[in-house]
Structures are given as structure tokens and as C-alpha cells.
Amino acid sequence: MTKTVDIVIVGGGIVGSSIAYHLTNQGCRNVLVLEREAHQGLGSTGKSMGGVRAQFATKVNIQMSLYSIPFLAGFEELTGYPSGYRPQGYLFVANSTSQLEYLRAIHARQAEVGFEGAELLEPEEVLRIVPQLRGDDVVGGSYCSTDGFVDPYSVMNGFTARAVEWGARIEKGVEVTAILRDEAGVVGVETTRGRVQTRTIVNAAGAWAAQVARMAGVPLPVEPLRRMLVPTEPFPLIAHQAPMTIDMATGFHFRPEGLGLLLAWNDPEEKPGFKTAFDSAFVEKILMCAVQRVPCFEDLQVNPARGWAGLYEMTPDHHAILGPVPQVPGLFLANGFSGHGVMHSPATGKILADLILDGRSSLADTHALGIERFAEGRLIEETVVL
Ligand SMILES: Cc1cc2nc3c(=O)[nH]c(=O)nc-3n(C[C@H](O)[C@H](O)[C@H](O)COP(=O)(O)OP(=O)(O)OC[C@H]3O[C@@H](n4cnc5c(N)ncnc54)[C@H](O)[C@@H]3O)c2cc1C
């Protein structure tokens, strides 16, 4: 029998879960999340490094963090479930005057948006926070103590559990295969378990978002890009309380994870595509960057079999695409987070719930994030992409 619901959310990762949470929190209970995998978190959410930060260069990304970070800090009071938030900070390490100039410029931008949490540091202050850094070329840095990390699985599960307690439903192992339309807009979805009638569909399909948008005839500029993470064996030389530390020269960054560290680096040779196999040759490349910035990393032990890969969902301007599709009434997008989907999941859920239920959101400049920006040539430049 065909079901009828108010809202279908395609994709049960952290973004779809947050949207379900915020919709039910705002009184819309007849929400159905469809996830094609047998379990949630098998997309990018379960592969993430869990970093959260407000140190961005654009107004709209800062606005999204200013909602999201306090939300993640208070997640347990809000949802009844833990988020694993650890406010250990993000430390950006500059080793050229242009990088320092850049940090100064983004501080000014943050102040314009009313965010004063980050501080510019002298070289000796940078080295006081992480004394193991190579210091001779450090010219300064930037640190924000409320930045840090969360456990993406816990956040996704908390959002889902609370949304379900408030009336939403989630069906796993169900793939959306078609979006059905009439002249007035969307009317439902076809799935591997039959048809669902609805007047509102949210595309929260992560790296597969362009495929889902295509079902409605919408070209969506979201491309999958492999990212690899390398956990190390226990490494007591770096404090368990150390921040996410970013070498601005190479983009190499690391944070404590268990008794060891989690290493990340954006390999410039990586090409877009649905590749999720970990390439063990990456270990040597990342360790070269690592040792350059932290000499004692020469003693790091890495078992390549423990590395993993997942997909970033990249847009041409490295900003999310949020909101309605003007030419397809009833179709909404929550896509293209370009590496920030975990940290911005709370703001995304709130913005989508506001736009669907009220037609507007005061949380951030949602006009800037609309899909129309590509056709209208209004791309936003974000340069702090990790
Ligand atoms: C290695 C790595 C490190 C990262 N580090 C960070 C970080 O430090 N901080 C941060 O904020 N972000 C980080 N990210 C990015 C972040 O993980 C993603 O932006 C975020 O998880 C996106 O969430 P999502 O729910 O949109 O996508 P996903 O978690 O991928 O969920 C989308 C879901 O849609 C489902 N789906 C797709 N098509 C269909 C269909 N047709 N029918 C039904 N279901 C469908 C998929 O099965 C999937 O479960 C990282 C990503 C990677 C890969």
C-alpha cells in the first residue's frame, strides 16, 4: 500500500538525522527518513575526523558554527544523548607572513560577525600549546579553545533517537530510486520497497546527492572526493589534551585519538570519484608532511591496515548548498559540505526545518547558500578548507 507522509528525507547520515530532529522539534512529526544501507553512518559520517571549529573565513560558515558548536556542547541537555564534544581547540600554525596576514584578515571577518573566541598568537605562544612543533620558522598562529572534536556516530544516533521519540520514522535498507513530480512540484518517491507520497523531499544523500537531484532533473554541482585518515599507534610524546593542530604550509593536521594520533592531509593529487579504498602509499606521503612540522613524528608507528578513506562532498566554492530548488517546488537540498558536514549538521538541520516550515531562517544568510548562486555567478570563496 502506498504511504503518505509530510516530509521524506533521503539519507540517514548526520545531516538527514539533524533535519529530522529539528523538524520534529518544531512540531512537524510526520517525517520519514529513508536510508539505503542496512545501518546508518556507512556514508561519510562514519569516516569523519569529527573536527568542529568556528575559525572560518566567510560570514555564513562562521554563522553556522556559532549555532552548531554551542549546540554540540549542550547536546546531552538538548537531546538526552552524548555528542562526545571535546573542546581542545584548533591551533593554526603560520610560518610565513602571508599566512599570518591571512589569519589577521579572517580574525577581522570573525569580529564583524560578532565572534571573538579566537586569539592571534605569538610564535612562543604557539609552541607553548604544542611544544613538539618545529619552531624555527613559526611566525605566529591562531587558537580557539571552543573548537575541538565530537563523535560523529554519537551525534547522528542522538539526533535520530530523539527525532524518533518525537514521531519521525526511519527505514533502513530502502533506496530512493526515483522522484515523482506533477506540474505543481514533487509528489513522492519511488523506492526499492514501494512508493511514498509526499509534497516535500529533502536531499540529504551526502556524496551521492547529485544522483538524487538528477532524479528530479536538477543538475547539482556536488562531486565526491576521497579523503584518507591515518591513525597511529600509541604516542605518549603528544599530550592527550592537545588541540587539532594545522600546519598552514601543507594543510597537514593531526589530533589526539585514543592513545595515539589521527593524521590528515589533503593530497593535491587526489581526483574526484567514488573511491573509498585506502591507498597504503598515502602513509609515506603524509608522514613526510608530518615530520616536516613535528620532528619527533619520525618515531611515529603506523599500521597501514588501520587507515581508512571516505568521501568529501565538494562544491565549486567549498560551501554547502542549502534550501529549496526554485524550479522544483517541494524539493530541498542539504548537500555539498566540502568537509564540514559534521560540524555544521546542527545549523543545517535548523535552517532546513525553518525553510521548510516557515519559508525563511534567521540563523544564517541562507540566500548566499542557495543553488541559484551558481547560475547567478555568486560563488563564495572559503579558503580555510581542511
Ligand atoms: C575522511 C573524512 C574526514 C572528515 N572530517 C570531517 C571533520 O573533521 N569535520 C566535519 O565537520 N566534517 C568532516 N568530514 C565531512 C563529513 O563527514 C561529511 O560532510 C558529513 O558526514 C556529511 O553527512 P551527510 O549526512 O550529508 O552524508 P552521509 O553521512 O554520507 O550520509 C548520506 C546517506 O545517504 C544515503 N543515501 C545516498 N543515496 C541514497 C538513496 N538514493 N536512497 C537512500 N539513501 C541514500 C547514504 O547511504 C548515506 O548513508 C570528513 C569526511 C571524511 C570522508
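Computed from a predicted model, the values in this text were never measured in an experiment.

A. View of the packing of aromatic side chains. Evaluation of the coordinates by the stated rule reveals 14 aromatic pairs. Seen from their ring centres, Tyr21 and Phe71 are 5.9 Å apart, and the 85 degrees between their planes marks the pair as edge-to-face. Remark: Phe71 occurs in helix 2 (residues 59-73) and Tyr21 occurs in helix 1 (residues 14-25); sequence separation between them is 50 residues. Considered together, Tyr21 and Phe71 belong to a single accessibility category, that of buried residues. Judged by centre distance (6.4 Å) and plane angle (90 degrees), the rings of Phe278 and Phe282 are edge-to-face. Judged by relative accessible area, which is 2%, Phe282 ranks as buried. One Lys or Arg, Arg36, reaches over the ring of Trp208 and ends 4.8 Å from the middle of that ring. Taking the ring centre of Phe56 as reference, the NZ or CZ of Arg53 above it sits at 4.1 Å.

B. Here's a closer look at empty space enclosed by the protein. Taken as a whole, this structure holds 3 cavities of 30 Å³ or more when the rule is applied. Of the pockets and cavities examined, the largest cavity occupies roughly 50 Å³. Surrounding the largest cavity, Gly12, Gly16, Ser17, Ala20, Val33, Gln40, Thr160, Ala163, Val164, Ala168, Arg169 and Ile170 form its lining. Sorting the residues of the lining of the largest cavity by element identifies helix 1, helix 6 (152-165) and strand 9 (169-172) as the ones contributing at least two each. A breakdown of the residues in the lining of the largest cavity according to their chemical character gives 6 nonpolar, 5 polar and 1 charged.

C. Highlighting the sheet that holds strand 1 (residues 3-4). Pairing within the open sheet is mixed, and its 4 strands lie in the order 1-12-11-10. One side of each edge strand has no neighbouring strand; the edge strands of this open sheet are strand 1 and strand 10 (176-182). Taken together, the 4 bridges between strand 11 (residues 185-191) and strand 12 (residues 194-197) define a ladder with antiparallel strand orientation. Paired with Gly188 across the bridge in strand 12 is Gln197.

D. Up close: the site of the ligand. The environment of the ligand is made up of 37 residues, and the closest members are Glu35, Thr45, Gly51, Glu313 and Met343. Within the backbone of Ser44, a nitrogen or oxygen atom sits 2.9 Å from an oxygen atom of the ligand. Measuring from an oxygen atom of the ligand, one finds a backbone N or O atom of Val342 at 3.1 Å. Contact with the protein chains hides 98% of the accessible area of the ligand, taken as 1,000 Å² for the molecule alone. Broken down by secondary-structure element, the contributors of at least two residues to the shell around the ligand are helix 1, strand 3 (31-35), strand 14 (223-231) and strand 18 (308-314). By residue number, the principal contributor to the shell around the ligand is strand 18, which donates 4 residues. Within the shell around the ligand, the residues separate by chemical class into 17 nonpolar, 13 polar and 7 charged.

About the cut-offs
Residues numbered from 1 in each chain as written. Predicted model: local features only at pLDDT ≥ 70, side-chain atom pairs only at ≥ 80, totals over all residues. Heavy atoms only, no water. Phe/Tyr/Trp six-rings, centres within 6.5 Å; stacked < 30°, edge-to-face > 60°. Helix = DSSP H or I, 4+ residues; strand = E, 2+ residues; numbered from the N terminus. Buried < 20%, exposed > 50% of the residue type's maximum accessible area, 1.4 Å probe, protein only. Lys NZ or Arg CZ within 6 Å of the ring centre and 35° of its normal. 1 Å grid on protein atoms, 1.4 Å probe; cavity = no way out; pocket = protein on both sides within 12 Å on 5 of 7 lines; lining within 4 Å. Points joined across faces, edges and corners; volume = space filled by probe spheres on them. Nonpolar A, V, L, I, M, F, W, Y, C, P; charged D, E, K, R; others polar. Pairing = 2+ DSSP bridges. Near = heavy atom within 4 Å. Polar contact = N/O pair within 3.5 Å; in protein donor to acceptor, adjacent residues only side chain to side chain. Areas by Shrake-Rupley, 256 points an atom, 1.4 Å probe, with all protein chains shown as cover.

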